[in-house]
Amino acid sequence: MRKYWKLLAVGVPLFLIGGFIYLVFFTEENIIEVKKGNLTEDILASGDVVASNEIELGFLDGGRVYDINVKPGSKVQEGDILVSLDSRELEAELKSLEAKTILSKAKLSQLLAGVRSEELNLFEAHIESAKIDLDNSLKNFENIKIKSDNDITQRYQAALDIADSVLLTASNSIDTLNLIYQPSNQFKTFFFVSDSNKKSDAEWQIIFTREAFESIKSDVASVKLDSSNKNIDEILPKFKVNMEIMRLSLSKTYDALNTAIVVSDQKNINDFIADIARTRAGINSTQTDLLNKEQAISEQKIVNQKNISEAENLVKSKKSILEEKEEELVFKKAKPRSVEIAVYEAEIKEVEASRLLIREKIANMHIVSPISGMIKNIHTKTGSLIGVKDRVISMISISDFQIESEISLENGKKIRVGDKVDISLNYDDKKRALRGSVISMNLKEDERPKIYIAFLDEVENLEFGIKADLNIKAVIKRNALLISKKAIIKDEIGESVILFEDGKKSKISVVTGAESKDEIEILSGIYEGDMIISQ
């Protein structure tokens, strides 16, 4: 019995090794490239030739219409893109994932291959260069901040300097008005204003003007005591408001005096009017200066924010580059461990799954003509939001016939519009093999599920009611990594393939997914573009 177990212990491994050697070296083999494609499942059904109906097409997912390539009356061929939703965000995300995949694969390959000392020395030199770049960007950032502080300080100083000008202009204005109005805010008695409305408006306005003057004096005193940027920001708008009140008072006084006469030996009325005009011109000039100073501050703040933000982003970018290079150097110096390899393989697998999902979504954002025909109606326009069940395109086939087929609800859920169909017809004492495409479906649970198939080939002498045998090529996985089932090796360890690389063969474990009659999906272990051995 002990001899038996010893023979078994030695024999089984030898048998497995021998089987592997036989498969690799002594069986007929083909070298094939691992590619992506659509995995299909054959669904067999039957149907009847019926009259062709109008075809309604829509999207599997909702979105905003980005492009319409046809118009009513357009003739289209099978496979033409008719309408597209906006997929720019998804396409950008796909490019990002593709770049991430390339980087992860490169890191995994490098991890497995190891790094030469010359490459390490070169990489360390790159890190030193990255440190210098970061140091220079930090210095530039500090210089930008200093310059920004100086520039904004100059703008605020210029605004502060105008406070004296504002007070002087306001004093001149109030002195001019005091020659015309009594302390009681009424015109002095030697004026006779014939227009009572203008007289009343002017006398009301002088009340607000004297309050505005007191406010200006108070604000000037405040800004002298507290010349902070915050205080200047608060007082400049108040200067503008109070100067406008004084300008309005001068204007109303000017209008009133144009209807007045002087009834004493005072100055001629025209002299008073001229004084008002000169004073108002002074206010206009000060108001313009105020506006320019305030605008200069605002523009400088925007420039400073832009420059500081750009300098700060440059620092972040240089810091990120340095950290990435330092991390990669640690990675290069470390010896590969199974855990690290597994992490990268898992990362690649996760990104590949995300890529497949995004590609599927992008594919669903195009309505592709399932047949050759003519566009009848377009039920949307560019920029419109489309729901899942919305009609988008109506078209008619070039053929007068189509096939109606009743199927199970289970099979119907696997089929999509556009899936190809192998059609076998028996008529005119001949068996004819034709191509078709699924053009519409009715999968309501309260009705018998049906699909409708258009002919892709020209058919002559066809009649209604002819029976058809159908082989529907239902796409169950799009853009999947596919290989022939003949390339899979199964043993006690699991599933594997023979990788052919640099003229050498090696056994690689793989994880498989969905499968069809002849092909099987690869989830991990090998990648697109790899060369493998198929028996």
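This text follows the structure it describes.
What counts as what
- Throughout this document, residue positions are counted from 1 along each chain, in the order its sequence is written.
- For this predicted model, a pLDDT threshold of at least 70 governs which residues receive local features, and a threshold of 80 or more governs which side-chain atom pairs are given and counted, while totals over whole chains, interfaces and linings are taken from all residues.
- As a rule here, side-chain values cover all heavy atoms of the structure and leave hydrogens and water aside.
- If DSSP finds at least two bridges between two strands, the strands pair.
- Here a helix means four or more residues in a row that DSSP labels H or I, a strand means two or more in a row labelled E, and each is numbered from the N terminus.
- Cavity and pocket criteria rest on a 1 Å grid covering protein atoms alone: a 1.4 Å probe that fits but cannot get out defines a cavity, protein on both sides within 12 Å along at least 5 of 7 lines defines an open pocket, and an atom within 4 Å of a point defines a lining residue.
- Grid points are joined across faces, edges and corners, and a volume is the space filled by probe spheres set on the points.
- For this classification, Asp, Glu, Lys and Arg are treated as charged, while Ala, Val, Leu, Ile, Met, Phe, Trp, Tyr, Cys and Pro are nonpolar and the rest, including Gly, are polar.
- For this analysis, a ring pair means two rings from Phe, Tyr or Trp (six-membered ring only for Trp) whose centres lie within 6.5 Å, classed as stacked if their planes differ by under 30 degrees, edge-to-face if by over 60, and tilted for the remaining angles.
- Exposure categories follow from relative accessible area, calculated using a 1.4 Å probe and restricted to protein chains: below 20% of the type maximum is buried, above 50% is exposed, and the middle band is partly exposed.
- Whether a charge sits over a ring depends on NZ of Lys or CZ of Arg being within 6 Å of the ring centre and within 35 degrees of the ring normal.

(A) Focus on the sheet that holds strand β10 (residues 373-378). Strand order in the open sheet formed by four strands is β3-β12-β10-β5, with antiparallel pairing between adjacent strands. Both outer strands of the open sheet, β3 (55-57) and β5 (75-76), are each paired with one neighbouring strand and no more. As paired strands, β5 and β10 are joined by two bridges and run antiparallel to one another. Looking at the pairing, Val76 lines up with Gly373 of β10.

(B) Fine view of empty space enclosed by the protein. Inspection of every chain in the model, using the stated rule, returns one cavity of 30 Å³ or more. Approximately 40 Å³ is the volume attributed to the largest cavity. As for the largest cavity, its lining consists of Ala159, Leu160, Ala163, Val223, Ile232, Ile235, Leu236 and Phe239. For the lining of the largest cavity, the elements supplying multiple residues, two or more each, are α3 (117-178) and α5 (229-257). The class makeup of the residues in the lining of the largest cavity is eight nonpolar, no polar and no charged.

(C) Region of interest: the packing of aromatic side chains. Counted according to the given criterion, the structure contains five aromatic pairs. Geometrically, the ring pair formed by Tyr181 and Phe187 is tilted, given 4.6 Å between the ring centres and 35° between the ring planes. The buried category is assigned to Phe187, whose relative accessible area is 5%. Relative to Phe191, the ring of Phe187 has its centre 6.2 Å away and its plane inclined at 65°; by these criteria the two rings are edge-to-face. The same class applies to Phe187 as to Phe191, namely buried. Site record: aromatic cluster; members linked through ring pairs are Tyr181, Phe187, Phe190, Phe191 and Phe272. Across from the ring centre of Tyr254, 4.7 Å away, lies the NZ or CZ of Arg280, which sits over that ring.

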